[in-house]
Amino acid sequence: MSIEVEKLSKVYKLKKSQKKVAVDDISFTIPSGEIIGFIGPNGAGKSTTIKMLTGILVPDGGTISIDGMNFKKNRKQIMYKIGVVFGQKSVLCWDIPVLDTLKLFKDMYKVSDSVYEENMRLFRDVLGIDEFINQPPRLLSLGQRMKADLAASLIYNPDILFLDEPTIGIDVLSKERIRDFIQKINRERHTTIILTTHDVSDIETLCEKMIIIDKGSLIYDGTLGDLKDKYKTTDLEEIIKNIYRNGEMKYA
Amino acid sequence: MRKYIDYMKIGIKEHMVYSSSIWATFLSKIVYLYMQFALWNALFASNAEKNLALNHEETIRYIIVATVLSTIMECNVIGWINSEIQTGNIANQLIRPMDFRTMIFSKHFGTTLIKTVLYCIPLCVVTGVAFHKPIVCDGQLGFGFVSIILAFIIQFLYSLIIGLMAFWLIVTWPLNMLLAAIYKLLSGSWIPVAMFPDLLGKINAFLPFRAIYSIPVTIITTPMSQENILRNLIVQIVWIVILYIVMTVTWRIGKKKLIVQGG
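Keep in mind the model is a prediction, meaning the values are calculated, not measured. (Residues numbered from 1 in each chain as written. Chains lettered and ligands numbered in written order. Predicted model: local features only at pLDDT ≥ 70, side-chain atom pairs only at ≥ 80, totals over all residues.)

Regarding the packing of helix α6 (residues 100–130) of chain B against helix α7 (residues 141–164) of chain B
All names here are of chain B. For clarity, the cut-off: The axes are straight lines fitted to the C-alpha atoms, using for helices just the contacting stretch, and the angles between their N-to-C directions are given from 0 to 180°. By the criteria applied, helices consist of DSSP H or I runs no shorter than four residues and strands consist of E runs no shorter than two, each listed in order from the N terminus. Convention used here: angles under 35 degrees read as roughly parallel, angles over 145 as roughly antiparallel, angles from 65 to 115 as roughly perpendicular, and any remaining angle as oblique. By convention, the crossing between two helices is left-handed when the near helix turns anticlockwise from the far helix through less than a right angle, and right-handed when the turn is clockwise. Working definition of a contact: two residues with C-beta atoms, positioned from the backbone, lying within 7 Å. Gly falls in the polar group here, along with every residue not listed as nonpolar (Ala, Val, Leu, Ile, Met, Phe, Trp, Tyr, Cys, Pro) or charged (Asp, Glu, Lys, Arg).
At a minimum axis separation of 12 Å, α6 and α7 run at an interaxial angle of 130°. By the angle class used here, α6 and α7 are oblique. With respect to the hand of their crossing, α6 and α7 are arranged in right-handed fashion. For the pair α6 and α7, contact is made by R101, I104, F105, H108 and T112 and by F152, F156 and L160, respectively. Residues belonging to the contact of α6 with α7 are distributed by class as follows: five nonpolar, two polar and one charged.

In C-alpha cells:
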C-alpha cells in the first residue's frame, strides 16, 4: 500500500498562548513496497509524524491518504493493514507467554489457520522464536523481545510496517538477523516499510530512499544515491551530521 | 468477539502469575474480616444499642457480606488505564482494530471470574464454617445476585471514568487516593450506610457509591419488601445509565485530548 501525505502539520499547545509547531506543512509520497528511512535529529517531529500516520494523533492540517483511504472514513480498514514495532516499547503482554500474544493477534486480525501456521514456520526458521515462545516477555533478553515483537506485528501480514528504532541496544549478530528478516519480509510480501532510526548502518543496509526532517520541516526526500552525489561523499553518517548541523545553525 | 474472549483469558492468566500474591490477598481478607468482626462486637458491647439503625446481629451480617463482596468488587481498572496513558502504551492499544473500553472490560471480567474462584467462594466457605448463625436472607438471594451484577457494572463504569481522567491529568494517583477514601466510606464497604448521620446519608443518596456495596449487601442481609428491593434495583439501573453517558462523553473528549507520552 502506498502512503500520500500532503501539507501535514501538527501544533502542540503548551501553557497559555504558547505553541510548539511539531510538524510544519510537510508533503511526501511513499510508494507501495518500498523501504523508506525516516530520519531526523531528536525532537525533529518524527514520532509526531509517525503517530499521525498510524492514526494515533489527529493532524491539525493537511491530509494523509493510505491507498486512497483516510482515518476519518476508513479507520478500521486501515488498522487491519498496518503493523507497528517500537524498539523502546513492547506490544506484548508483559506477564504471559509470547505465544498467547501471538494467538491474541491471530484472533484480533482474523488470521486464517493456514496463514498463521505458515508465518509461525517462517518466524521459527528465521527468527528462532521457538527458544522463547513459552516465556513471558519480562524474562526475555532485549534481542529476543525485539524478535518476539516483530513476530507479533507480522503475524497478520500487514501491508505497511512502521519500525521505530528496531535495532536499538541489540548486539551485532541479532541486528544482522533482524535486518535480514526485514528485507525478506519486504521482498516476499511487498510490505511497505517506514523505518525510523538513528543507526546509519540500518539505513545503508535496508533503505533505497530516505526522508529527512528537522524542526518539523522536510529537509530531503529522495534516494540515498542522489544524496551521496549531492554531498560528493559516500560517508552517509558525515552527510547526516552536516544536515543536522546546518539545521542547528539556521535556528540558532 | 474472539479477541475479547482472549483478553478475558489474559486477565485470568495475569492474575495467576504471582502465586504468593494470591495467598497474601486471601489471607489479608481473612485478617480484615476478623478485624471488622472484633471491632463491631466491641463497639456493640460498649454501647447499649441506642439509636442505631442496625442492631448487633444485622451489623455483623452486613460486614461479613460486604467483606466477601469486596474480594470481587475491588478492581485494578483505574491503575491499568493510568499506567497505559502515563507510559504512552495506550498508543499500542489505539492502533488495534478493537474497542479499548471493551478490551478493558473483558480483561476486568476475566480477573473478576478468577477472583470469584480464588477468594470469594473460599471466603464464603470459611465464614460459613466459622459463623454458625444464618447470614443471608435465602428468599432474597436471587435479587441479591442481580444487584451484585448491577453493582459490578456501576463499579466498572466509575473506574473507567476516573481512569480516563488521566487523559487530562496524566498523573491521577493523588485524585485516586482522595476518591478511594470517599469511596470506601460512602459505598458502605467499611461501615453500613444506614448508620450514617442524617446529613451524610442525604448527600450519599445523590452519589453512586452506595449502589456498589450498600444496596446489594442490604438486599442480601436485611429482610425487606419486594417493592423496596425493586426500588433499590431501579436506583442501580439509573446510575448505570447516568455513568454510561458520562463515560461516553469522557471518552470522546479525552481521546481528542490525547498526547501520547514519550518518544
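Description of the packing of helix α3 (residues 56–73) of chain B against α6 of chain B
Residues and elements named next belong to chain B. Where α3 contacts α6, the axes come no closer than 7 Å and their chain directions differ by 160°. Classed by the angle they form, the pair α3 and α6 counts as roughly antiparallel. Considering the relative orientation of α3 and α6, their crossing is right-handed. Across the interface between the two elements, I64, V68, T71 and I72 from α3 touch T112, K115, T116, Y119, C120, L123, C124 and T127 from α6. Counted by class, the contact of α3 with α6 contains seven nonpolar, four polar and one charged residues.

Observations regarding the environment of Q183 of chain A
Its location among the elements puts Q183 of chain A in helix α6 (residues 172–189). Expressed as a C-alpha distance, the spacing of Q183 of chain A and N74 of chain A, which sit 109 residues apart in the sequence, is 29 Å.

Concerning the environment of I168 of chain A
Residue and element names in this part refer to chain A. Filter applied, for reference: In this scheme every C-beta is placed from the backbone, and a residue whose C-beta has 20 or more other C-beta atoms within 10 Å is buried, one with 12 or fewer is exposed, and one in between is partly exposed.
Topologically, I168 is positioned in the loop between β6 (160–164) and α6. Taking the number of C-beta atoms within 10 Å as the measure of exposure, I168 has 16 and is therefore partly exposed. Along the backbone, I168 and D199 are 31 residues apart, and their C-alpha atoms lie at a distance of 8.0 Å.

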